[in-house]
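# Chains, contacts and geometry: an overview
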Amino acid sequence: MRRGLTTLSALVFTLGAVCVASALRWLDRPVATVASVAPGRASAKPEPYVWDIPAPFPRPPVPADNPMTAAKVLLGRHLFYDARLSGNGRLTCAACHTPSLGFADGREQAIGSTGDVHPRSSMTLTNVAYNPAYNWADPTTTTLEAQVLVPLFGTSPVEMGHAADGAELLQRLKTDPRYRPLFTDAFPDDTAAISVRNVARALASFQRTLISVRSPYDRYRYGGDRNAISDAAKRGEVIFFSGQRGGCFQCHGGWNFSGGIRHERDTLTQAAFFNTGLYNLPGGTSYPSPNTGLHVHTGLPGDVGRFRAPTLRNIAETAPYMHDGSLATLEDVIDHYAAGGRTIAQGPRAGVGHDNPNKAPAVHGFELRGTDRADLVAFLQSLTDSTFLGNRAFSDPWRGRR
Ligand code: HEC
Ligand code: HEC
C-alpha cells in the first residue's frame with residue numbers, strides 16, 4: 001500500500017512538473033539563502049527563515065515548538081562547524097558530514113573523536129529534513145532535535161564524546177563572547193538561552209535547510225531542459241524505473257529517491273525498512289553483529305538485515321556505500337542488485353545474499369547487458385547537485401574568525 005503511494009506520488013510530481021509554468025524560472029535562483037543577520041541586534045520578533053524551494057517540491061515539516069528563523073539557522077551553522085562540540089575538541093559535525101563529500105565522510109565506517117570506530121557509515125544529510133526516521137535502522141528517532149543528542153552524547157560508540165549532562169559543552173559556549181548574541185537572537189524569549197535543548201533546536205534548524213533539488217536530473221525532469229542529462233543517463237533512468245529490471249524506484253521512490261518522506265502536508269508517513277541481501281551468514285542471524293538492522297530494535301527474526309532506503313541524491317559523492325560501507329563503488333552496488341543479493345565467497349562473512357530469507361522481493365536480480373551498468377551510474381551521477389554541495393549558506397561560518 002505504502003509502496004503504491006510512493007509510486008503514485010512520483011507520478012503526481014512528474015505530472016505536476018509538466019503543468020508548472022514557472023518551472024524554468026527557479027533554476028536561476030540560489031537555494032536556501034540564509035539572511036545575513038547581524039548578531040547582537042536587538043529584535044522584537046525573530047525574522048522567519050525564507051525557504052527557497054522551487055515547485056513542485058514540498059517544504060519539509062517543521063515541529064511546532066521549533067519554528068524556523070534565520071537567526072536559529074545561523075546559530076546552528078556555527079555549532080555544526082564548531083569542534084568545541086566534541087569532548088576533546090577534535091571533531092565537528094562537519095568532519096563526518098562534509099559538504100564536498102555529499103555531507104558524508106568518505107569512510108567505510110565513521111571514526112569518533114576518541115578514535116572509536118563506529119559500526120556504521122556516516123550518512124548524507126541531503127534533504128534530511130524529510131526523513132520519517134533517522135539513522136540507518138532506528139524507528140525510534142523521528143526528529144532531528146532528538147537525533148542530535150546521539151552524536152553529542154552517545155557512548156557506544158563515542159562520536160563527539162560529551163558527558164551526558166552537557167555542562168562542559170554549555171560552559172565552553174558561554175565563555176565565547178560570540179555565542180551570547182547568536183543564542184539571544186535565536187531564542188529571544190529564553191532567559192537561559194544557552195541550553196542543550198536550544199543547541200539541539202538550532203542544529204536541527206540548520207539541517208532542515210540542507211535541501212537539494214537542483215541537480216541536472218531536476219533540470220531535465222522538472223525544468224523542461226531536455227539536454228540537461230546525457231543519453232546514457234536517460235537510458236539509466238529507464239532501467240531504474242523498470243519493475244522488471246532495476247526496480248530501484250520501488251524503494252528509492254518519489255522525487256527524493258528514498259523511502260517514504262514526510263513533508264509539510266504529510267507528517268504521518270512511517271519509515272520503511274528493507275533487507276537487500278547484502279549478507280547471508282549461516283546460523284540464526286544472517287547479518288553480522290551489531291548491524292542487524294531493524295532487528296536491533298524489535299528483536300524479531302524477520303527484521304534481521306532490514307535498513308532504511310536512503311536518498312540517492314548526491315549519491316555519486318558519498319562512496320563507499322551501504323550501512324557499513326562494504327560496497328566501494330556505484331558499480332559494485334549495481335552488481336549487488338543485479339545479482340539479487342551479494343555473494344561473499346570466503347571469510348567470516350561468506351554467504352549467498354541472494355538466498356537471505358528476509359530479502360525484499362523487489363531485489364529480484366536482473367541481467368546487465370551492454371552499457372546498462374554504465375547507464376545506471378550515469379543516471380545516479382545526474383542526481384549530483386553542485387549548487388547544493390557548493391552552497392555558501394552551508395559553509396563554515398568561522399573561516400578566518402577562529
Ligand atoms: C564520528 C562521525 C560523526 C560525527 C562527528 C557526527 N556524525 Fe552524524 N552520523 C554519523 C553516522 C555513523 C551516522 C549513522 C548513525 C547510525 O546509523 O547509527 C550519522 C547519522 C546522522 C544523521 C541521520 C541522517 C539520516 O538520514 O538518518 C544526522 C541527522 C546526523 N548524523 C547529524 C549529525 C550532527 C548534527 C552532528 C554534530 C552534532 C553529527 N551528526 C556528528 C557520523 C557522525
Ligand atoms: C527492496 C528495496 C530496495 C531496492 C529494490 C533497491 N534498494 Fe537501494 N537500498 C535499499 C536499502 C534498504 C539500502 C540500505 C541497505 C544497507 O545499508 O544494508 C539501500 C542502499 C542503496 C545505496 C547505498 C546508499 C548509501 O548511502 O550508501 C545505493 C547507491 C542504492 N541502494 C542504489 C539502488 C539501485 C541503483 C537500485 C536498483 C538497481 C536499488 N538501490 C534498489 C533498498 C532498496
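Please refer to the structure higher up on the page.
Residues numbered from 1 in each chain as written. Chains lettered and ligands numbered in written order. Predicted model: local features only at pLDDT ≥ 70, side-chain atom pairs only at ≥ 80, totals over all residues. Heavy atoms only, no water.

## Looking at the site of ligand 2
If you check the shell around ligand 2, you find 25 residues, and the closest are C248, C251, H252, H323 and Y337. Take H252: an N or O atom from its side chain is 2.8 Å from a nitrogen atom of ligand 2. Contributions of two or more residues to the shell around ligand 2 are made by strand 2 (307-308) and helix 12 (330-338). Looking at the shell around ligand 2, the element that brings in the most residues is helix 12, giving three residues. Considered class by class, the residues forming the shell around ligand 2 number 19 nonpolar, five polar and one charged. (Near = heavy atom within 4 Å. Polar contact = N/O pair within 3.5 Å; in protein donor to acceptor, adjacent residues only side chain to side chain. Helix = DSSP H or I, 4+ residues; strand = E, 2+ residues; numbered from the N terminus. Nonpolar A, V, L, I, M, F, W, Y, C, P; charged D, E, K, R; others polar.)

## Notes on the coordination of the iron atom of ligand 2
The coordination sphere of the iron atom of ligand 2 contains the protein donors H252 (NE2) and Y337 (OH), at a distance range of 2.0 Å. Around the iron atom of ligand 2, the six donor atoms are arranged such that angles at the metal cover 81 to 179 degrees; this shape is classified as octahedral. A residue pair is termed long-range when its members are at least 10 positions apart, and H252 in the loop between helix 10 (231-240) and strand 1 (273-274) and Y337 in helix 12 qualify at 85 residues. Using a relative accessible area of 10% as the deciding quantity, one classes H252 as buried. (Donors = N, O, S within 2.8 Å, 3.2 Å for Na, K, Ca; no water. Tetrahedral: all angles 85-135°; square planar, octahedral: opposite > 155°, others 65-115°. Buried < 20%, exposed > 50% of the residue type's maximum accessible area, 1.4 Å probe, protein only.)

## A closer look at the packing of aromatic side chains
In total, this model carries 24 aromatic pairs according to the counting rule given. Relative to Y222, the ring of F57 lies with its centre 5.0 Å away and its plane at 75 degrees, an arrangement referred to as edge-to-face. Of the two residues, F57 sits in the loop between helix 1 (2-19) and helix 2 (70-80) while Y222 sits in the loop between helix 9 (216-221) and helix 10, which places them 165 residues apart along the sequence. Between F240 and F379, the aromatic rings sit 5.0 Å apart at their centres with planes inclined by 50 degrees, giving tilted as the arrangement. Remark: F379 occurs in helix 13 (residues 372-381) and F240 occurs in helix 10; sequence separation between them is 139 residues. Residue F240 shares its accessibility class with F379, and that shared class is buried. Directly above the aromatic system of W398 lies the positively charged group of R84, at a separation of 5.6 Å from the ring centroid. One residue, R342, lies across the ring of Y279, its end atom 4.7 Å from the ring centre. (Phe/Tyr/Trp six-rings, centres within 6.5 Å; stacked < 30°, edge-to-face > 60°. Lys NZ or Arg CZ within 6 Å of the ring centre and 35° of its normal.)

## Regarding the nonpolar core
Counting 53 residues, the largest nonpolar core has L75, L79, L173 and F183 as the members making the most contacts within it. The dominant element in this core, judged by the number of residues it contributes, is helix 8 (residues 196-208), at seven residues. When residues are assigned to domains, this core turns out to be shared by domain 1 (2-10 + 215-384) and domain 2 (33-212), each giving three or more. (Core = buried A, V, L, I, M, F, W, Y, C linked by side-chain atoms within 4.5 Å. Domains from an automatic or database assignment.)

## A word on the site of ligand 1
Near ligand 1 there are 26 residues, and of these C93, C96, H97, N135 and R308 occur at the shortest range. Grouping the constituent residues of the shell around ligand 1 by class yields 13 nonpolar, ten polar and three charged.

## A word on the coordination of the iron atom of ligand 1
The protein supplies the iron atom of ligand 1 with one donor atom, H97 (NE2), which lies at 2.1 Å. The residue H97 is located in the loop between helix 3 (93-96) and helix 4 (144-147) in this model.

## Looking at the side chain of N256
Along the chain, N256 turns up in the loop between helix 10 and strand 1. A polar atom in the side chain of N256 sits 2.8 Å from the side chain of N127.

## Here we look at the side chain of D396
Relative to the assigned elements, D396 resides in the segment after helix 14 (386-389). Here the side chain of D396 touches W398 through a polar contact of 2.8 Å, landing on its backbone nitrogen. D396 has contacts with R77, Y81 and R402, leaving out every residue within four places of it along the chain. (Contact = heavy atoms within 4.5 Å.)

## Description of helix 12
Those residues of helix 12 not exposed but buried are L330, V333, I334, H336 and A338. Considering only its buried residues, helix 12 is in contact with helix 13. Positive phi appears at G340, one or two residues downstream of helix 12, with a value of about 70 degrees.

## Notes on the pattern of salt bridges
A complete count under the given rule lists 16 salt bridges for this structure. We note a salt bridge from D176 to R84, for which the minimum N-O separation is 2.9 Å. Taken together, the residues D176 in the loop between helix 6 (167-175) and helix 7 (179-186) and R84 in the loop between helix 2 and helix 3 connect sequence positions 92 residues apart. The exposure class of D176 is buried, given its relative accessible area of 6%. Here R84 falls in the partly exposed class, since its relative accessible area comes to 25%. D218 serves as the salt-bridge partner of R313, at 2.8 Å between the closest nitrogen and oxygen. Highlighted residues: R313 in the loop between strand 2 and helix 12 and D218 in helix 9, separated in sequence by 95 residues. Assigned by exposure class, R313 and D218 land together as buried. Ionic contacts of the salt-bridge type, sharing partners, join the residues D82, R84, D176 and R178 into one network. (Salt bridge = Lys/Arg side-chain N within 4 Å of Asp/Glu carboxyl O.)

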